[in-house]
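Structural characterization, general
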Amino acid sequence: MIEKVQIKATHLNEIDFTPYGQKLAESDIGKIIEPEEGVFVTPGVGQLYVERGDLVFNYLTVRRCPLIVGALERHVLTSQTVVPLLGCCGLYMMAPQAKDFDGPDLDNAFAVYFDGSQGINIKKGIWHSAPLAFSEESSYLMVMRNGTFKDDLEVYDFQKNLNKVFQILI
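Residues numbered from 1 in each chain as written. Predicted model: local features only at pLDDT ≥ 70, side-chain atom pairs only at ≥ 80, totals over all residues. Heavy atoms only, no water.

1. Side note on the nonpolar core
- Among the nonpolar cores identified, the biggest contains 19 residues, and Phe17, Tyr92, Met94, Val112 and Ile120 are the most heavily contacted of them.
- At the level of elements, strand S6 (55-63), strand S10 (90-95), strand S11 (110-114), strand S12 (119-122) and strand S14 (137-145) are the ones that each hand at least two residues to this core.
- Contacts of Ile120, omitting those with residues within four sequence positions, involve Leu12, Phe17, Gln22, Leu24, Gln80, Thr81, Val82, Tyr92 and Phe114.
- By size, the runner-up hydrophobic cluster in this structure holds 17 residues, among which are Ala9, Met93, Leu106 and Ile168. (Core = buried A, V, L, I, M, F, W, Y, C linked by side-chain atoms within 4.5 Å. Buried < 20%, exposed > 50% of the residue type's maximum accessible area, 1.4 Å probe, protein only. Helix = DSSP H or I, 4+ residues; strand = E, 2+ residues; numbered from the N terminus. Contact = heavy atoms within 4.5 Å.)

This is how it looks when you write it as structure tokens:
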């Protein structure tokens, strides 16, 4: 029988996200440039890290499914930016790197959600789930290194390796 561990999701504004990446929100920067009347730019909202290669923009669509996570992934050559579109919300399970083996530290795993006015930039090397959808379908703009899915995708399947899954509670 699979062990089900419950994690209560926390809103992005209620945690210190800096060890895991950047919170992307206009309100956190405060500096706005108006290059033309009625055009407002908030510079420096986030910075994408790419070790080698080019950036690629991806359109990501996620359909609603049970909020159960059985595996985490990471990328060691790039950070990964996810910006919700059409006002959708985002939900991720994340974990730092374990100190005693090359996988996620599941004892320090957490879940975080953010609303349609925010995005996140996940640091390279941080273990994270695929986004989970609250609504029937959620859409995101995802920016990362071109080729990441081919040569920079590590997956740790704890359902298979540890007979354990995490149920995310909102």
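2. Some words on the sheet that holds strand S16 (residues 164-169)
- Spatially, the three strands line up as an open sheet ordered S1-S16-S7, and their pairing is mixed. Each of the sheet's edge strands pairs with one partner strand only, and the pair in question is strand S1 (3-8) and strand S7 (68-69).
- Here six bridges tie S1 to S16, and the two strands are oriented parallel to one another. Following the sheet pairing, Val5 is matched in S16 by Phe166. (Pairing = 2+ DSSP bridges.)

3. Some thoughts on unusual backbone geometry
- Look at Leu86: it is not a glycine, yet its phi comes out positive at around 60°.
- For Leu86, a relative accessible area of 79% puts it in the exposed group.
- Its identity as a non-glycine residue notwithstanding, Asn163 has a phi of 55°, on the positive side.
- Mapping Asn163 onto the fold places it in the loop between helix H2 (158-162) and S16.

4. Here's the deal with the sheet that holds S14
- Taken together, the five strands give an open sheet; going across it, the order is S3-S12-S9-S14-S6, and neighbouring strands pair in antiparallel fashion. Where the open sheet ends on each side, the last strands, each with one partner, are strand S3 (21-24) and S6. Direction aside, the axes of adjacent strands within the sheet are offset by 20° on average.
- Relative to S14, strand S9 (residues 80-85) runs antiparallel, the two sharing five bridges. (Axes fitted to C-alpha atoms, helices over the stretch in contact; angles between N-to-C directions.)

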